[in-house]
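Results of the structural survey
The primary structure of each chain is shown beneath.
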Amino acid sequence: MSFKINLLFILLLSTNLLFGQRGARLNPEQRAYQMRDSLLLSEAQTNKLIELFTESQEKMLYLRDSLSAIDEDVRPAFMQVRREEQEALKKYLTKDQLNQWKAIRERKRSTQGRGPKRGN
């Protein structure tokens, strides 16, 4: 029985490693490189995005660590950091790149949380 459980665990772990972890957070470099590949960004743009995403991550970590457990809703503070980040993107992306990125985000949001369709 224990062998079967271990085998199942190994299979699940290897599947996650092969196909990526759904919902896993990307680090600032990964986020910037993902955008670089999707939007064909220049090296300068990519470097600026790495700086921007690193700064946003540091703000989020600071908020997470500094806000007390008493705070009932810390979501507005995190959302403000995200809004500032999205506003800053306008400085680094062309209008076409920004529109492409918005379309990509919208597609991801519309399919998020939906599994494969089942047959009737």
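Residues numbered from 1 in each chain as written. Predicted model: local features only at pLDDT ≥ 70, side-chain atom pairs only at ≥ 80, totals over all residues. Heavy atoms only, no water.

Things to note about the overall build of the protein chain
Tallying secondary structure elements over the protein chain gives 5 helices and 0 strands in all. The 120 residues of the protein chain split such that 19% are buried. For the protein chain, long-range pairs separated by at least 24 residues make up 55% of all intrachain contacts whose partners lie at least 6 apart in sequence. (Helix = DSSP H or I, 4+ residues; strand = E, 2+ residues; numbered from the N terminus. Buried < 20%, exposed > 50% of the residue type's maximum accessible area, 1.4 Å probe, protein only. Contact = heavy atoms within 4.5 Å.)

What to know about the confidence of the model for the protein chain
Chain-level pLDDT for the protein chain is 79 on average; 68% of the residues reach the 70-or-more range. Mean pLDDT in the protein chain bottoms out at helix α1 (residues 2-19), which sits at 47, and peaks at helix α2 (residues 28-39), which reaches 96. The low-confidence segment residues 11-23 (pLDDT under 50) makes 4 contacts with residues lying over four places distant or belonging to another chain. (pLDDT = per-residue confidence, 0-100.)

Considering the nonpolar core
Nonpolar side chains tend to gather and get buried jointly when the protein is soluble and globular. Core analysis: the largest hydrophobic core is formed by 14 residues, its most contacted members being M35, L39, L49, F53, L89 and L93. Elements with a minimum of two residues in this core: α2, α3 (43-66), α4 (75-92) and α5 (95-111). Among the elements that make up this core, the one with the highest residue count is α3 (4 residues). Contact partners of L39, with chain neighbours within four places excluded, come to L93, Q97, Q100, W101 and I104. (Core = buried A, V, L, I, M, F, W, Y, C linked by side-chain atoms within 4.5 Å.)

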